[in-house]
Amino acid sequence: MQSVHDILVKSSITLREALRRIDTSSKQILLVIDDTGLLIGTLSDGDIRRGLLNGHTLEENIEPIYFSQPTVVTANDSKEMIIRLSTAKKIHQIPVVDQHGKPIGIEILDELVAKPLRSNPVVLMAGGLGTRLGELTKNTPKPMLYVGNKPILQTIIEKFAKYGYTNIILSVSYLSHLIEEYFGDGSRFGVSIHYIHETERMGTAGALSLMRDILNEPFFVMNADILTNVNFEHLHNHHTQHEAIATMCIREYEFQVPYGVVNLDEAQITSIFEKPIHTFNVSAGIYMLNPEILSIIPNHTFYDMPTLFETLIEEKKKTLSFPIREYWLDIGRAEEYERANSEYHGVFH
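All values reported here derive from a predicted model rather than from experimental measurement. (Residues numbered from 1 in each chain as written. Predicted model: local features only at pLDDT ≥ 70, side-chain atom pairs only at ≥ 80, totals over all residues. Heavy atoms only, no water.)

## Re the pairing of strand S6 (residues 103-108)
What counts here: For each residue, the accessible area found with a 1.4 Å probe, counting protein chains only, is set against the maximum for its type, and the residue is called buried under 20%, exposed over 50%, and partly exposed in between. Helical segments are the DSSP runs of H or I of at least four residues, strand segments are the runs of E of at least two, and each set is numbered from the N terminus. Between any two strands, pairing holds if DSSP finds at least two bridges.
With five of its six residues buried, S6 lies for the most part within the structure. Note that strand S5 (residues 93-97) and S6 share five bridges and pair antiparallel. The residue bridging Gln 93 from the neighbouring strand is Ile 108, located in S6. In textbook terms, the turn of a hairpin is the stretch between consecutive antiparallel strands, and for S5 and S6 this stretch comprises five residues, one of which, Gly 101, has a positive phi near 95 degrees.

## A short note on the layout of surface pockets
So the rule is basically this: Grid points spaced at 1 Å and placed over the protein atoms alone form the basis of the search, with a cavity being a set where a 1.4 Å probe fits but cannot get out and a pocket an open set showing protein on both sides within 12 Å along at least five of seven lines. Lining residues have an atom within 4 Å of a point. Grid points are joined across faces, edges and corners, and a volume is the space filled by probe spheres set on the points. Gly falls in the polar group here, along with every residue not listed as nonpolar (Ala, Val, Leu, Ile, Met, Phe, Trp, Tyr, Cys, Pro) or charged (Asp, Glu, Lys, Arg).
Considered as a void within the structure, the largest pocket measures approximately 1000 Å³ in volume. Every residue lining the largest pocket is counted, 35 residues in all, and those nearest its centre are Lys 90, Ile 91, His 92, Gln 93 and Asn 237. Those elements that provide at least two residues to the lining of the largest pocket are strand S3 (39-44), helix H2 (45-53), helix H3 (79-89), S5, helix H4 (109-112) and helix H8 (232-241). Considering only residue class, the lining of the largest pocket consists of eleven nonpolar, 15 polar and nine charged.

## Considering unusual backbone geometry
Despite not being glycine, Glu 243 shows a phi value in the positive range, around 50 degrees. Considering the arrangement of structural elements, one finds Glu 243 in the loop between H8 and strand S14 (246-256). Glu 243 sits in the exposed class, given a relative accessible area of 67%. The phi angle at Glu 266 is positive, at roughly 60 degrees, despite the residue not being glycine. With respect to the secondary-structure elements, Glu 266 resides in the loop between strand S15 (260-265) and strand S16 (268-274). For Glu 266, a relative accessible area of 76% gives the class exposed.

## With respect to the sheet that holds S6
As summarised here, the arrangement of the three strands in space is S4-S5-S6, forming an open sheet in which the pairing is mixed. Each edge of the sheet is formed by a strand with only one pairing partner; in this case those strands are strand S4 (73-74) and S6.

## A word on helix H1 (residues 15-24)
We count it as follows: This arc describes the spread of directions from the helix axis toward the C-beta atoms. Whether two residues are in contact is decided by their heavy atoms, any of which lying within 4.5 Å being enough.
Of all the residues in H1, the buried ones are Leu 15, Ala 18, Leu 19, Arg 21 and Ile 22. When H1 is viewed along its axis, its buried side chains cluster within an angular range of 165 degrees and face the same direction. Looking at the buried side of H1, the elements it contacts are strand S1 (8-9), strand S2 (29-33), S3 and H2.

Structure representation (structure tokens):
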């Protein structure tokens, strides 16, 4: 049973503060208490995502969106009973309360039982040249660069395996023999690896046309130069529960104009904003797709992921976003590679 002092909140906090509290805790849930300390509800990352999709804003309080009928156990309940209850109700965290209903701990199912294996394929795009990294990738494919004490690609594969996704497909090209020699059939890492060789530059979506025969259920696609702590199970559940045909992980990106911005009405100055910050949602290079999208992708043609999503939108197919606030770093340049090495042990251990 884990401590809960860092995840106790009142219903008056904002969604933004709730997200911050969830991000800084390993428990992925908040326990909502009243003024007397009694448990009145729970709030998960999924509750917040659904609230945002339903029109709530980050500055509102969590009152309308927290779950007010949580399942609880007591300190006297056995591990077996807690596992049965968690499995039956399909919940991963259960608050532990005392005889008065005040939270005293939390049981996390993931720590009580091993993750079940899942058949959904994981397509990792590992064929890029990595030219922006200069000499680092002259004789080494970018996914094989060491961050921490292992290649970037190994960390990615191990993260998927942690959530039970062990059916790995590697799309390779540049110096592919080095990747194949290191990973082999994947058994050394607890996964099964199938290799697809790109003989021409096809783009992230275009390469999927080479896999039509092996992608027959919802599958992940991820660039093999990304380090992240995103919960792949939550992404999978988000995609299927909302019946999307394609889901794109997105992140907030802030850009500050380095000058004062002057607004005009013809020649008259109406206002001045000093170095304003603009916030955008950008693709995080992680997707979950249904196999139906494969019929859209042309053969032997460069076809990128934005083009695929634009086509799906034009055809009025359901495309969905999955905001990620967990650790995420795209290792495209030397400074990002250095940052990854400096942050790795703090994030992944």
